Amino acid sequence: MEIIVGKTAGFCYGVKRAVEGAEKEVESNKKNIYCLGEIVHNKDVVKGLENKGIEFIDDIDSYKNDINTTKIKETVKESKEEKRLIIRAHGIPKETYKKAKENNFQIIDYTCPNVLKIHQIAEEKKDDHYIILFGNINHPENIGTISYCGKNYSIIEEKEDIEKALKELEKSSLKKLLIISQTTYSIEKFKEYSKLIQEQLENKNIEIEIRNTICKATEIRQKETEDISKKVECMIIIGGKNSSNTKKLYEIAKKYCKRAILIENKDQIDLKEIENVKKIGIMAGASTPDEKIKEVINIIEKI
Ligand code: SF4
């Protein structure tokens, strides 16, 4: 069996920076280190950091619940030591920085520079532009970005959301439109929907600015997934099932390869599904550690 492994499979720059940073943090100071949300959409990585001493919390208020109910009570209440709060690569809303400071957290910010750039663009344009953000409304990155968009914005995830967004733009009476995107949004959809919006606003006297804020690492990984998927009989995508960029890779693999499989780790491989395959492709999402990819390759190589 021939195995083609994507060169871009695994941790991207932003995730690597956040995970390594969190590891360093917990090595130098084991107490009172919190992380807001899962540092990456990968249960094994989160578990590993938890075992080293990082406490994962869903929001600042859940931290307060924790100190009333768990072992952290003694550690935090009786200690004068600082509490440190790690911000993951997805970033957080503006208000959360304020809330963290009010709760005396020292912030260790690993928001990816690509995400910070989107916040900056939105903040600069929010007063005189209507903002359209491509992406999923519930994704943590977008929840952060929305806080920089002011009042006049819409989120478009699928084609059917375009009509509503354009009606809202009309209601706002703004004559300038900014289009931006979640860093891990599909490049194909970004191009298609931006073009559709441009066509629908033709002759409406709206100035449109399109900023492709999809991260280059995402773009290259999606393209490589497409290329490999076209060459192989079966494509395996490794990554967290709640990871947005992994799901996109799986969608691409399904589109271009007749057999696409999504797994989180080696334990989920069904060897029967691939036993007669002669050429297999492997790609992994931005939150999949190298060891997990190697474990999958090792099992397949043994067939
Ligand atoms: S996918 Fe891109 S934007 Fe997102 S964390 Fe990785 S490098 Fe940063």
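Quick caveat, the model's predicted, so the values are computed rather than measured.

The next subject is the site of the ligand. If you check the shell around the ligand, you find C12, G14, A89, C112, N114, T183, C215 and T218 and nothing else. Judged by its atoms lying within 2 Å of the grid points, the ligand is housed in the largest pocket.

With five of five residues buried, strand β4 (residues 83-87) is to be regarded as a mostly interior element. Burial of β4 is two-sided: the residues K83, L85 and I87 facing one way and the residues R84 and I86 facing the other way are all buried. Across five bridges, the pairing between β4 and strand β5 (residues 105-109) is parallel. Considered in β5, the bridge of I87 is made with D109. Taken together, β4, helix α5 (residues 94-102) and β5 constitute a β-α-β crossover, and its handedness is right-handed.

One open sheet holds the four strands; their spatial order is β1-β12-β10-β11, and the pairing between them is parallel. Of all strands in the sheet, those with a lone pairing partner are β1 (2-5) and β11 (260-263), marking the two edges. Strand-to-strand twist across the sheet, computed as the mean angle between neighbouring axes with direction ignored, equals 20°. Two elements, β1 and strand β12 (residues 279-284), share four bridges in a ladder whose sense is parallel. By the bridge assignment for β12, V5 is matched with I282. Relative to the sheet, helix α13 (residues 290-301) contacts β1, β10 (234-238), β11 and β12, its axis offset from that of β12 by approximately 170°.

Let us now look at the pattern of salt bridges. By the definition in use, this model includes 24 salt bridges. Between E20 and K16 there is a salt bridge whose closest N-O contact spans 3.6 Å. Note that E20 and K16 are positioned in helix α1 (residues 13-28) at a spacing of four residues, about one turn of the helix. Residue K16 is classed as partly exposed on the basis of its relative accessible area of 41%. Residue K52 is joined to E23 by a salt bridge in which the shortest nitrogen-to-oxygen separation is 3.8 Å.

Turning our eyes to something else, we now look at the environment of Y193. Structurally, Y193 is set in helix α9 (residues 187-200). Note on Y193: relative accessible area 4%, which makes it buried. Considering only alpha carbons, one finds Y193 and F134, 59 residues apart in sequence, at a separation of 8.9 Å. Not counting residues up to four positions away in its chain, the partners in contact with Y193 are F134, I156, E157, E158, K159, I162 and Y185. Reaching out from Y193, the side chain makes a polar contact with the side chain of E158 at a distance of 3.5 Å.

A word on a nonpolar patch on the surface. A cluster of nonpolar side chains, M1, L271 and I303, forms an exposed patch at the surface whose accessible area comes to about 260 Å². Its location among the elements puts L271 in helix α12 (residues 271-274).

A word on the pairing of β11. Of the two faces of β11, the one carrying A260 and L262 and the one carrying I261 and I263 are both buried. Direction of pairing for β10 relative to β11: parallel, over a ladder of four bridges. Note on β11: the bridge partner recorded for I237 is L262. Viewed along the sheet, the connection from β10 through helix α11 (residues 244-256) into β11 turns out right-handed.

So, about the environment of D127. Structurally, the position occupied by D127 is in the loop between α6 (113-125) and β6 (130-134). Take D127: its relative accessible area is 64%, and that puts it in the exposed class. Separated by 86 residues in the primary sequence, D127 and T213 place their C-alpha atoms 20 Å from one another.

What follows concerns the nonpolar core. In this structure, M235, I236, I238, I274, I282 and I300 are the most contacted members of the largest nonpolar core, which totals 27 residues. Elements with a minimum of two residues in this core: β10, α11, β11, β12 and α13. The dominant element in this core, judged by the number of residues it contributes, is β10, at five residues. The residues contacting M235, other than those within four sequence positions of it, are T225, I228, S229, A253, C257, R259, A260, I261, G281, I282 and M283.

Quick notes on the rules
- Residues numbered from 1 in each chain as written.
- Predicted model: local features only at pLDDT ≥ 70, side-chain atom pairs only at ≥ 80, totals over all residues.
- Heavy atoms only, no water.
- Near = heavy atom within 4 Å.
- 1 Å grid on protein atoms, 1.4 Å probe; cavity = no way out; pocket = protein on both sides within 12 Å on 5 of 7 lines; lining within 4 Å.
- Sits in = over half its atoms within 2 Å of the grid points.
- Buried < 20%, exposed > 50% of the residue type's maximum accessible area, 1.4 Å probe, protein only.
- Helix = DSSP H or I, 4+ residues; strand = E, 2+ residues; numbered from the N terminus.
- Pairing = 2+ DSSP bridges.
- Right-handed = clockwise from strand over helix to strand, strands pointing away.
- Axes fitted to C-alpha atoms, helices over the stretch in contact; angles between N-to-C directions.
- Contact = heavy atoms within 4.5 Å.
- Salt bridge = Lys/Arg side-chain N within 4 Å of Asp/Glu carboxyl O.
- Polar contact = N/O pair within 3.5 Å; in protein donor to acceptor, adjacent residues only side chain to side chain.
- Patch = residues over 30% accessible without salt bridge, like charges linked within 9 Å, V, L, I, M, F, W, Y side chains within 5 Å.
- Areas by Shrake-Rupley, 256 points an atom, 1.4 Å probe, with all protein chains shown as cover.
- Core = buried A, V, L, I, M, F, W, Y, C linked by side-chain atoms within 4.5 Å.

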